Amino acid sequence: MRNPAVLNLAAVIIILLITWRLAINSFDVGEKAGNILGFNDKDQINPKFSNGKLNYFLTLHDFHINCVVSFMIRSTFLFAFSGTTTEPKCSLTRVCPSDHFSLRISSGAANVIGPKICFDGEIIMSYAMNNVGPGLNIVVVNGKNGTVEKFGYLNMINGNTEDILAYLKEIKPGMMVLVASFDDLSPKMTDDIREVFVGMGSTLIKSVKRRDSWVFAGRAGTENKSLFEKQTVNDDKTNIYEGWPEMVEMGGCIPRNQTDLTGSL
């Protein structure tokens, strides 16, 4: 896919060349008009005519050329670069670079309001969309092209531990994994499941316990520490809901994979 910035630059160059050609033609027209009326460039600099109409023609001609060139240059840049100025995605405060994806992940609030996962400007999972559930809500994304491969929730209350572990281990290396907790993720949590998330870059998963709120974004198979992770601890002294901590949220620009790490995509 061609870089939009390169295409815009090409458009600017082409239109400026057209503008330059039109300006040259306009000067040619002015010169021809001068020949017809009986004056040349020297006459324009040091007029030998006192005729007010000729002076008016010269002034009007220069004004016309300046206006046309100025207008076309401004219009060219507005046209070429209007597409590069976009609104921030996923409610961020800034536009992410072209080699990054925008994301915002919000955990659930207690066991009442579900989580929300937004990626590259699209809400993938949310309570309003009725596609979230108790435990770990997870979105798997191709880290190179941004394609959402799959999403769903791992029921950490009534689910089968072996099935949950198998699902996580099937995620291909290099895939981005976006996770938001809802309700309680501890009942079916095992050391093996925690280790899988450690392998995706999590540094907090080993400390996550009953009713904690947790959000995370990492990459399968990289083991590099992720900068996208937050946790709110369940503590009676700080809980804002009865028996539950406040929701946790994070957002930012996550880099694309520079190479294809999946081996098959």
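A brief structural summary. What you see is a predicted model; the values in this text were computed from it and never measured.

### Comments concerning the overall build of the protein chain
- When helices and strands are counted, the protein chain shows five helices and nine strands.
- Put simply, the protein chain runs from its N terminus to its C terminus through helices and strands in the order α-α-α-β-β-β-β-β-α-β-α-β-β-β.
- Counting across all 265 residues of the protein chain, residues that qualify as buried make up 39%.
- A separation threshold of at least 6 residues defines the contact pool for the protein chain, and within that pool the share at least 24 residues apart is 60%.
- For the protein chain, the exposed surface amounts to about 15,600 Å²; the carbon and sulfur share of it is 56%.

### What about the packing of helix α4 (residues 161-169) against helix α5 (residues 191-198)?
- Direction vectors running N to C along α4 and α5 enclose 15 degrees, while the axes themselves pass 10 Å from each other. Classified by the angle their axes make, α4 and α5 are roughly parallel. Crossing hand, α4 versus α5: left-handed. Packed against α4, whose contacting residues are Thr161, Ile164, Leu165, Leu168 and Lys169, the element α5 presents Asp192, Ile193, Val196 and Phe197 at the interface.
- Class assignment for the residues of the contact of α4 with α5 results in six nonpolar, one polar and two charged.

### Let's talk about the pairing of strand β6 (residues 176-182)
- Where burial is concerned, most of β6 is hidden: seven out of the seven residues are buried.
- For β6 and strand β7 (residues 213-219), the ladder comprises five bridges, and the chain directions are antiparallel. Across the sheet, the residue bridging to Ala180 is Val215, located in β7.

### Remarks on the side chain of Asp212
- Counting through the fold element by element, Asp212 comes out in the loop between α5 and β7.
- At 2.7 Å, the side chain of Asp212 forms a polar contact with the backbone nitrogen of Asn234.
- For Asp212, the residues in contact, after removing those within four places along its chain, are Ser181, Ser207, Gln231, Thr232, Val233, Asn234 and Pro245.

### Examining α4
- For α4, the set of buried residues is Ile164, Leu165 and Leu168. Each buried residue of α4 sits inside an arc of 95 degrees when the element is viewed along its axis, so together they form one side. α4 presents Glu162 and Asp163 as exposed residues on the side facing more than 90 degrees away from its buried surface.
- Residues of α4 that are buried in the fold lie against β4 (135-141), β5 (148-155) and α5.
- Where α4 starts, the residue carrying a side-chain oxygen 2.9 Å from the main-chain nitrogen of Glu162 turns out to be Asn160.

### Re the pattern of salt bridges
- Inspection of every chain in the model, using the stated rule, returns four salt bridges.
- Glu249 is the partner of Arg104 in a salt bridge, and the nearest nitrogen-oxygen pair spans 3.7 Å. Highlighted residues: Arg104 in strand β1 (residues 100-106) and Glu249 in strand β9 (residues 249-255), separated in sequence by 145 residues.
- Of the charged contacts, one joins Glu195 and Lys206 as a salt bridge, the two residues approaching to 3.2 Å between their closest N and O atoms. A residue pair is termed long-range when its members are at least 10 positions apart, and Glu195 in helix α5 and Lys206 in the loop between α5 and β7 qualify at 11 residues.
- Classification of Glu195 as partly exposed rests on a relative accessible area of 42%.
- Assessed through its relative accessible area of 55%, Lys206 is described here as exposed.

### Remarks on the environment of Met247
- Summarising the element assignment, Met247 is placed in the loop between β8 (228-232) and β9.
- Overall, Met247 belongs to the partly exposed group, its relative accessible area being 33%.
- Ignoring any residue separated from it by four or fewer positions in sequence, one finds Met247 in contact with Ser106, Ser107, Gly108, Ala109, Ser213, Thr232 and Tyr241.

### Regarding the nonpolar core
- In this structure, Leu136, Leu168, Ile171, Phe197 and Trp214 are the most contacted members of the largest nonpolar core, which totals 23 residues.
- Contributing elements (two or more residues each) for this core: β4, α4, β6, α5 and β7.
- With near-sequence residues (within four places) excluded, Phe197 lies in contact with Leu136, Leu168, Val179, Ser202, Ile205, Trp214 and Phe216.

### Some thoughts on unusual backbone geometry
- The phi dihedral of Cys90 is positive, around 55 degrees, even though this residue is not glycine.
- Mapped onto the fold, Cys90 is located in the loop between α3 (52-81) and β1.
- Among the residues examined, Cys90 registers a relative accessible area of 8% and is labelled buried.
- Even without being glycine, Ser91 reaches a positive phi, approximately 60 degrees.

Basis of the calculations
- Residues numbered from 1 in each chain as written.
- Predicted model: local features only at pLDDT ≥ 70, side-chain atom pairs only at ≥ 80, totals over all residues.
- Heavy atoms only, no water.
- Helix = DSSP H or I, 4+ residues; strand = E, 2+ residues; numbered from the N terminus.
- Buried < 20%, exposed > 50% of the residue type's maximum accessible area, 1.4 Å probe, protein only.
- Contact = heavy atoms within 4.5 Å.
- Areas by Shrake-Rupley, 256 points an atom, 1.4 Å probe, with all protein chains shown as cover.
- Axes fitted to C-alpha atoms, helices over the stretch in contact; angles between N-to-C directions.
- Parallel < 35°, antiparallel > 145°, perpendicular 65-115°, else oblique.
- Left-handed = near helix turned anticlockwise from the far one by under 90°.
- Nonpolar A, V, L, I, M, F, W, Y, C, P; charged D, E, K, R; others polar.
- Pairing = 2+ DSSP bridges.
- Polar contact = N/O pair within 3.5 Å; in protein donor to acceptor, adjacent residues only side chain to side chain.
- Arc of directions from axis to C-beta.
- Salt bridge = Lys/Arg side-chain N within 4 Å of Asp/Glu carboxyl O.
- Core = buried A, V, L, I, M, F, W, Y, C linked by side-chain atoms within 4.5 Å.

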